[in-house]
Amino acid sequence: CRIDNCESCFSKDFCTKCKSGFYLHKGRCFDKCPEGFAPLEDTMECGEGCEVGQWSEWGACTRRNKTCGYKWGLETRTRHIAKKPPKDTIPCPTIAESRMCKMAMRHCRRGKICVQEYVDVHDTIYYLCILNKRGRLSSQ
């Protein structure tokens, strides 16, 4: 076997068991696992870490669940965990981020509650507005 620190090989270039104190990863032996992989002490192998999906688009700029009435708000984007790590060996990276944003409508129109519905491919923002029967903004 030509693999450094290997105790048992499948072939001359592929290790199946490393010497004591070394971790097996893709047919090679390491004193510590490569980045993105976690040491599995019970098998002395390097297991895959957490995998996350792509970031979503930034959400609506809101404050207290409103898209108007304030100068500044927060917008958030998320991503899902595509693959959990074995036995929570490597913590997953952040799956939600928020940033400050300037509200599209500083003042709310009397009698309407507007929430951002969607943004088209030309970055035009569309709102869904609901008329309050009392002519006042509800406290949503």
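Residues numbered from 1 in each chain as written. Predicted model: local features only at pLDDT ≥ 70, side-chain atom pairs only at ≥ 80, totals over all residues. Heavy atoms only, no water.

## As for the pattern of salt bridges
Here is step 1: On inspection of all chains with the given rule, the structure shows four salt bridges.
Here is step 2: Here Arg99 makes a salt bridge to Glu75, at a shortest N to O gap of 2.5 Å. One end of the pair, Arg99, is in strand β10 (residues 96-102); the other, Glu75, is in strand β8 (residues 72-78), and 24 residues separate them in sequence.
Here is step 3: Residue Glu75 is classed as buried on the basis of its relative accessible area, which comes to 13%.
Here is step 4: Notably, a salt bridge pairs Glu97 with Arg77, separated by 2.8 Å at the nearest N-O pair. Remark: Arg77 occurs in strand β8 and Glu97 occurs in strand β10; sequence separation between them is 20 residues.
Here is step 5: Look at Glu97 and you get partly exposed, because its relative accessible area is 30%. (Salt bridge = Lys/Arg side-chain N within 4 Å of Asp/Glu carboxyl O. Helix = DSSP H or I, 4+ residues; strand = E, 2+ residues; numbered from the N terminus. Buried < 20%, exposed > 50% of the residue type's maximum accessible area, 1.4 Å probe, protein only.)

## Quick word on a nonpolar patch on the surface
Here is step 1: On the surface, Trp72, Leu74 and Met100 cluster together into a nonpolar patch covering about 330 Å² of accessible area.
Here is step 2: Within the secondary structure layout, Trp72 lies in strand β8.
Here is step 3: Using a relative accessible area of 39% as the deciding quantity, one classes Trp72 as partly exposed. (Patch = residues over 30% accessible without salt bridge, like charges linked within 9 Å, V, L, I, M, F, W, Y side chains within 5 Å. Areas by Shrake-Rupley, 256 points an atom, 1.4 Å probe, with all protein chains shown as cover.)

## Thoughts on the confidence of the model for the protein chain
Here is step 1: Overall, the prediction assigns the protein chain a mean pLDDT of 80, with 74% of residues at 70 or greater.
Here is step 2: Scored below 50 in pLDDT, residues 134-140 makes 14 contacts in the model with residues more than four places away or belonging to other chains. (pLDDT = per-residue confidence, 0-100. Contact = heavy atoms within 4.5 Å.)

## Here we look at the pairing of strand β2 (residues 14-18)
Here is step 1: In terms of strand pairing, strand β1 (residues 6-11) meets β2 through four bridges, oriented antiparallel. Its bridge partner lying in β2, Cys6 is registered against Cys18.
Here is step 2: Counting the residues between successive antiparallel strands, the hairpin from β1 to β2 contains two residues. (Pairing = 2+ DSSP bridges.)

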